Amino acid sequence: MKSQSIGQLALAAAALCYLFGVYFASSPVWMGFTINALVIAVIAMSWNITGGFGGLSSFGHAALYGTGAYASAILQVKYGMNAWVGFGAGILAGAAMGAFIGALSFRYGLRGSYFALVTLAFAEVLRICASSFEFTGGGSGLQLTLAPGLANLQFADRTVVYTALLFVVAVVMGLTALIKYSRFGAYLIAVRENEDAARALGIDTYRIKVQAMAISGAFGGLAGVLYLQLWLFIDSNVVYGSAVSIEALIGPIIGGAGTVWGPLLGTLGLHLLGEGAKHLLPNAPGLNFVLYAIVLICALRFLPQGLVGLAGKIGAFTRKKEDDNA
Amino acid sequence: MSSLIFPAVLSGLMMGAVYALVALGLTLIYGVLHIINFAHGSLLMLALYAVYFLWSYFGVDPYLAIPIVLPVFFVLGYCLQRGLITPMSNGSEQNILLITLAVSMIIENLALYFWTSNTRTADIAYAYDTVEILGAFLPLGRVIAFCAAIAVAPLLWCFMAYTRTGSAIRAVAIEKRGAELVGIDVNHTYAICFGMGTACVALAACLLLPTFYITPQVGYTFVLVAFTTVVLGGMGSLPGALIAGLLLGVIESLCGLFLGESLGQIGIFLAFILILLFKPSGLMGRAR
Amino acid sequence: MNYKIDRRDLLKVSGALVAGLAAPTILRAQTSTIKVGVIEPLTGNLAYNGTQSAAGAKFAAEAINAAGGIKSMGGRKIELVIVDAQSRPEAAAAGVDTLVQAGACAFTGATASALGLASSQAAAKYNLAQVFSIGTAETVVTRGLPNVFRFTPGVNKCTSVALENLKLLNQGAGNAVKTAAIVHEDGPFGSNMAKILAEQLPKQGIQVVETISHPTPQRDFSNIALRVKASKADILIPSNYLNEYTLMARALNQQRVELKAIYSILGGAASNIKFVRENNEVAQYVMDCNHWYDPTKDESKALAAKVAEAKLDLTYDIMVSYATIQVIADALERGASDDRQKMIEALAASSFDKSIMPYGPTKFVNGDNVNSQPVNTQIRGDKIELVFPKQYASAEAVFPIPAKK
């Protein structure tokens, strides 16, 4: 295993304590917003694969999220398919969309802000299409039938929903760790560090990047499906809107891009911050976002490597390169 | 439908001029600082409010507000870059992006808090006046904005080409280290550039107000199109932004006419994707 | 000035954060008021409508408390718990938790159907009733949720009543209107409305010659105005929000589009006094079929005075939100309990007929108030007059628009 520090272990332990503590919280508020945070954490983990490990910052992860949600919703609403089929199809559709966007952009050598902008444009094109065509429900969006039951992937009991989401998050984090420590992950990190050098070493960087986009797409599609099954209603602004894309990247950057725990920690931290700001300024809608943004700026200033990076500096077991965090 | 093509092209050009005006500031900032400024839309909104309040409280005509609003926004932009973005970003591009995002969140929500979400429109005497060109009626405010865009882009270009500050900005844009070595204050130059970009957006606000409405969210209405304009024109190219803005206006107008206004929006973004894929340096940009 | 943040400041902020999070629990302990929730988008792109709605709820609570609170419960006062839905469905749903935490017995909301769908679904798990102020999508009431009560009409009823009224108006004018152009926003309401209109208008002898949908925001209406002009339609039927309507009204005027009538359906502007004030000339004679109060009632007049005093614009959001709080207060009065389940039962049995809306006695069938109806308003001078149906009218309808001199 790679080196880990006491700080990082403590941070992870704190997150676990929080997630476990939610079960016993006296107020339903905690579970409510943690459920929302966990869905966002999954799209954040999706962004982390490309943006964190691969250094391919996307502004358009809503394209993957929305495609997953729409694929599943269309199959269920228009073709009467089972929710589980929709679940799988959503993940596949997300992966396909990721691979498509990746293949197209990387074929033409886009990187940096050009890649960021092209993903943004794809998300916008998909948003416009989704609100214009009949089979996506047009402007009315798509509404699943309310029918709680395991077969329909809908749960009346929120504790069950929460547990299921925790399980999904754990699986995605496990997969992230697998990717990170695999040969593929090493190649991907090499692409981030120096793409030309990676290519010179014989790595097929194009294939690696497209594969990363496909994996990211699968996670992103998964997040979209989770949202759909949770709220049973989607429309083009809700799932293809730029708010999703922003949430996807903000969590990993605050938590620590290119780490396994970063997206979860960042997303949880930001949601806690948002909730705290709301309670601090309850009668001034809007000002809570101002407070949130100010703290965000400070976090960017004082946590250059994100929460995980900061924690890594506390009580490191071995002194290694800074990049070697969790 | 065919009889509508000519007026549609004209109104597209008029709208395109507004896109160009908003994009001029953005391309200036991108070309030098290489940052995607997400606060641009919010700054446009802020400038619109400034112009609106000058008009409603002091009776200052939006066009006469130009000499008041421009310097104020130049200073605002300068301070924003020097006082906030540079010190808070640790020099990382990703952080700069998030900081501009946070800044836009702050501006927008403060506007919401202080000025409420009410839509405001300036009921200026000439708001409904039109100019007739070959049988097509064009709103007077749009025609003025069009002329201004045509005039301002070359002026800015001349400023960049022939003044000392302009040369310094270009030097920093091309080679930051080298510029530093020959004694150019890079942070000052960056801030000047951001200030100029912000002043451009204030100019756009003065020209836009007579024909548009204001809400705290109005910035979003233009920000994505402005990004597209910048990319299409070539990031950092001033004449490019002008041509791209006009072109996008026409594309949008014609797509709207033939595909319907809802789906027609797609024209802009498809153009965006195609240009990114096939000619990422844009119409007038330098090769990367 | 020195902006350095030291550790003490950080401690203060984090202390305040913890205190803030703990606050709801403290509030709960000192309950003697009846908590009624309001979930509205106070920030984001629906902020205007949401803020107006929240204001309407506040006026209603004030009026009820000033009149002695809930009498069957010993005159206990109503206290609103207002939650920001942030114009996002998941935030609206999370708001329900806050309401439950605060001990709300029922709530009103949520301006847009997408928000209301999410909040009512979340509230169903708590048996918490949501009285919809506005939620026009029919899926709101077709999900079979027992906690959903839509007080105001949905898209189907709004459109069909608008069509009936138009038919009567047109008959009165000797069927002057023969062709129509429809301009609508591409959201749920606009697209559904356009579908119904396209089917029904021909049956009244009106041909639909042009249908144009546009996104929100739409920056330029020149093309749309030109297309309406080219279609030579007699009547324009728009449905869009205030900002777009303002731009459209200007473009129609600038492109010299001659119309016999503008008849909007749930138009954001044609029943907005601010639009009338700021665009008076082009606003004249525009008709709207929309939610509106009964201006002849005393309580309506009192509300109008209160709203003017608060320097707000009296929009339909304020009216319907005011009325939904009235409905909830009536249910509290009859049920004499702020238990959530009892509230659902009381609401389901509601026959309340004293709201400020021009509705018959409330009757919820599958959660939909069958006795609700939209009415027609028309802009005249600097006022918005109710012109249809006759029993509530404050002015006679002018249809078609008189020829300009």
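What you are looking at is a predicted structure, and each value in this text was computed from that prediction instead of being measured.

1. Focus on the overall build of chain A
Along its length, chain A carries 14 helices and two strands. A compact globule built from 326 residues should have a C-alpha radius of gyration of about 20 Å, and chain A, at 19 Å, falls within 12% of that. For chain A, the spread of C-alpha atoms along the three principal axes comes to 55 × 50 × 35 Å. Per-residue burial over chain A gives 61% buried out of 326 residues. Sequence-distant contacts in chain A: of pairs separated by 6 or more residues, those separated by 24 or more amount to 77%. Here chain A has roughly 12100 Å² of accessible surface; of this, 67% comes from carbon and sulfur atoms.

2. Quick word on the packing of aromatic side chains
Per the counting criterion, the structure on display carries 30 aromatic pairs over all chains. Taking 5.4 Å as the distance between ring centres and 55 degrees as the angle between the ring planes, the aromatic pair formed by B:Phe53 and B:Trp115 counts as tilted. Pair noted here: B:Phe53 is in helix H2 (residues 40–58) and B:Trp115 is in helix H4 (residues 93–115), with a separation of 62 residues, a long-range link. Looking at B:Phe53, the relative accessible area reads 16%, which means it is buried. Joined through ring pairs, the aromatic side chains of B:Tyr49, B:Tyr52, B:Phe53, B:Trp55, B:Tyr57 and B:Trp115 make up one cluster. The residue whose ring lies beneath C:Arg250 is B:Tyr128, and the NZ or CZ to ring-centre distance is 5.5 Å.

3. Remarks on the interface of chain A and chain C
Contacts between the two partners involve 33 residues from chain A and, on the opposite side, 35 residues from chain C. Taken together, the connections running from chain A to chain C amount to two salt bridges. The shortest N-O distance in the salt bridge between C:Arg88 and A:Glu247 comes to 2.4 Å. Linking chain A with chain C are seven residue pairs in polar contact (both at pLDDT 80 or more), by the criterion used here. Only helix H2 (28–53), helix H9 (205–231), helix H12 (262–280) and helix H13 (287–302) of chain A provide two or more residues apiece to the side of chain A that touches chain C. Here the element with the most residues in the side of chain A that touches chain C is H12(A); it accounts for six residues. Counted by class, the side of chain A that touches chain C contains 17 nonpolar, 10 polar and six charged residues.

4. Here's the deal with helix H6 (residues 164–174) of chain B
All names here are of chain B. Among the residues of H6, those classed as buried are Gly166, Ala168, Ile169, Val172 and Ala173. Down the axis of H6, the smallest arc covering the buried residues is 160 degrees, so these residues share one side. Opposite the buried face of H6, by more than 90 degrees, sit the exposed residues Arg164 and Ile174. Those residues of H6 that are buried are in contact with helix H1 (5–33), helix H5 (140–162), helix H7 (176–181) and helix H8 (186–208).

5. Comments concerning the packing of H5(B) against helix H10 (residues 238–259) of chain B
Residue and element names in this part refer to chain B. Contact geometry for H5 and H10: axes closest at 8 Å, N-to-C directions at 160 degrees. The orientation of H5 with respect to H10, classified from their angle, is roughly antiparallel. Note that H5 runs across H10; the crossing there is left-handed. In this structure, H5 contributes Phe146, Ala149, Ile150, Ala153, Leu156, Trp157 and Met160 to the contact, and H10 contributes Leu238, Pro239, Leu242 and Leu246.

6. Quick notes on the environment of B:Gly16
Residues and elements named next belong to chain B. Locating Gly16 in the fold gives a position in helix H1. Taking C-alpha positions, Gly16 is 9.3 Å from Ser253, a pair spaced 237 residues apart along the chain. Those residues in contact with Gly16 that lie beyond four places of it in its chain are Gly245, Leu246 and Gly249.

7. Description of the pattern of salt bridges
All names here are of chain C. Counted by the stated rule, this structure contains 23 salt bridges over all chains. Notably, a salt bridge pairs Asp313 with Lys274, separated by 4.0 Å at the nearest N-O pair. You can see Asp313 sitting in the loop between helix H11 (298–309) and helix H12 (316–335) and its partner Lys274 sitting in helix H9 (residues 273–278), a full 39 residues away along the chain. Taking the relative accessible area as the measure of exposure, Lys274 reaches 6% and is therefore buried.

8. Here's the deal with the interface of chain A and chain B
Across the boundary between the two partners, chain A contributes 40 residues, which contact 38 residues of chain B. Taking both partners together, chain A and chain B bury about 3600 Å²; carbon and sulfur atoms supply 81% of that area. Three residues, A:Tyr114, A:Leu117 and A:Ile297, lead the burial of chain A against chain B; their summed loss comes to 18% of the area buried on that side. Our count for the chain A to chain B interface comes out at zero salt bridges. Among the secondary structure elements, those contributing two or more residues to the side of chain A that touches chain B are helix H4 (83–107), helix H5 (112–132), helix H11 (242–255) and H13 of chain A. Of the residues forming the side of chain A that touches chain B, the biggest block, 12 residues, is contributed by H5(A). Tallied by class, residues from the side of chain A that touches chain B come to 32 nonpolar, six polar and two charged.

9. What to know about the packing of H12(A) against H13(A)
Residues and elements named next belong to chain A. Following both chains from N to C, one finds H12 and H13 inclined at 140 degrees, their axes separated by 8 Å at the closest point. On the basis of the axis angle, H12 is oblique to H13. In terms of crossing hand, the pair formed by H12 and H13 is right-handed. On H13, the residues that touch Leu270, Leu273, Gly274, Ala277, Lys278 and Leu280 of H12 are Asn288, Leu291, Tyr292, Val295 and Leu296. Partitioning the contact of H12 with H13 into residue classes produces eight nonpolar, two polar and one charged.

10. Overview of the pairing of strand S4 (residues 129–132) of chain C
Residue and element names in this part refer to chain C. On S4, burial covers both faces: Ala129 and Val131 on one face and Gln130 and Phe132 on the other are all buried. Judged from the four bridges that link them, strand S3 (residues 106–109) and S4 form a sheet pairing that is parallel. From the neighbouring strand, Ala106 faces S4, where its bridge partner is Ala129. Between the parallel pair S3 and S4, the chain is carried across by helix H4 (residues 113–124), and the sense of this crossover is right-handed.

11. As for the sheet that holds strand S14 (residues 383–388) of chain C
All names here are of chain C. Pairing is mixed across the open sheet formed by seven strands, whose spatial order is S7-S6-S8-S9-S10-S13-S14. One side of each edge strand has no neighbouring strand; the edge strands of this open sheet are strand S7 (207–214) and S14. Averaged over all neighbouring strand pairs, the angle between strand axes comes to 25 degrees, with direction disregarded. Strand direction decides the pairing type here: strand S9 (residues 261–265) and strand S10 (residues 287–290), joined by three bridges, are parallel. Each residue of the ladder has a partner; that of Ser264, found in S10, is Asp288. Seen against the sheet, helix H7 (residues 222–231) touches strand S6 (179–185), S7 and strand S8 (235–239) and runs at an angle of roughly 175 degrees to S7.

12. Remarks on unusual backbone geometry
Residue C:Pro389 is reached from C:Phe388 by a cis peptide bond, and omega for that bond is -10 degrees. Tracing the backbone shows C:Pro389 in the segment after S14. The omega torsion across C:Phe399 and C:Pro400 is -5 degrees, close enough to zero to call that bond cis. Examined against the element boundaries, C:Pro400 turns out to sit in the segment after S14. Of note, A:Leu153 is a non-glycine position whose phi angle comes to about 55 degrees, a positive value. Among the secondary structure elements, A:Leu153 is positioned in the loop between strand S1 (142–143) and helix H6 (158–180). A relative accessible area of 11% places A:Leu153 in the buried class. Positioned with a positive phi, C:Ser87 is a non-glycine residue whose angle comes to about 60 degrees. Summarising the element assignment, C:Ser87 is placed in the loop between strand S2 (78–84) and helix H3 (89–102).

13. A short note on the domain arrangement of chain C
All names here are of chain C. Looking at the assigned domains, one finds that chain C contains domain 1 (9–153 + 296–369) and domain 2 (156–290 + 375–392). Contact residues are listed per partner, giving 12 residues for domain 1 and 14 residues for domain 2. Across the interface of domain 1 and domain 2, roughly 1200 Å² is buried in total on both sides, 59% from carbon and sulfur atoms. Three residues stand out in domain 1 for area buried against domain 2, namely Asp313, Tyr316 and Pro358, and they jointly supply 38% of the buried area on that side.

Reading the values: the criteria
Residues numbered from 1 in each chain as written. Chains lettered and ligands numbered in written order. Predicted model: local features only at pLDDT ≥ 70, side-chain atom pairs only at ≥ 80, totals over all residues. Heavy atoms only, no water. Helix = DSSP H or I, 4+ residues; strand = E, 2+ residues; numbered from the N terminus. Rg over C-alpha atoms; globule rule 2.2 N^0.38 Å. Buried < 20%, exposed > 50% of the residue type's maximum accessible area, 1.4 Å probe, protein only. Contact = heavy atoms within 4.5 Å. Areas by Shrake-Rupley, 256 points an atom, 1.4 Å probe, with all protein chains shown as cover. Phe/Tyr/Trp six-rings, centres within 6.5 Å; stacked < 30°, edge-to-face > 60°. Lys NZ or Arg CZ within 6 Å of the ring centre and 35° of its normal. Salt bridge = Lys/Arg side-chain N within 4 Å of Asp/Glu carboxyl O. Polar contact = N/O pair within 3.5 Å; in protein donor to acceptor, adjacent residues only side chain to side chain. Nonpolar A, V, L, I, M, F, W, Y, C, P; charged D, E, K, R; others polar. Arc of directions from axis to C-beta. Axes fitted to C-alpha atoms, helices over the stretch in contact; angles between N-to-C directions. Parallel < 35°, antiparallel > 145°, perpendicular 65-115°, else oblique. Left-handed = near helix turned anticlockwise from the far one by under 90°. Buried area = accessible area lost by both parts, 1.4 Å probe. Pairing = 2+ DSSP bridges. Right-handed = clockwise from strand over helix to strand, strands pointing away. Domains from an automatic or database assignment.

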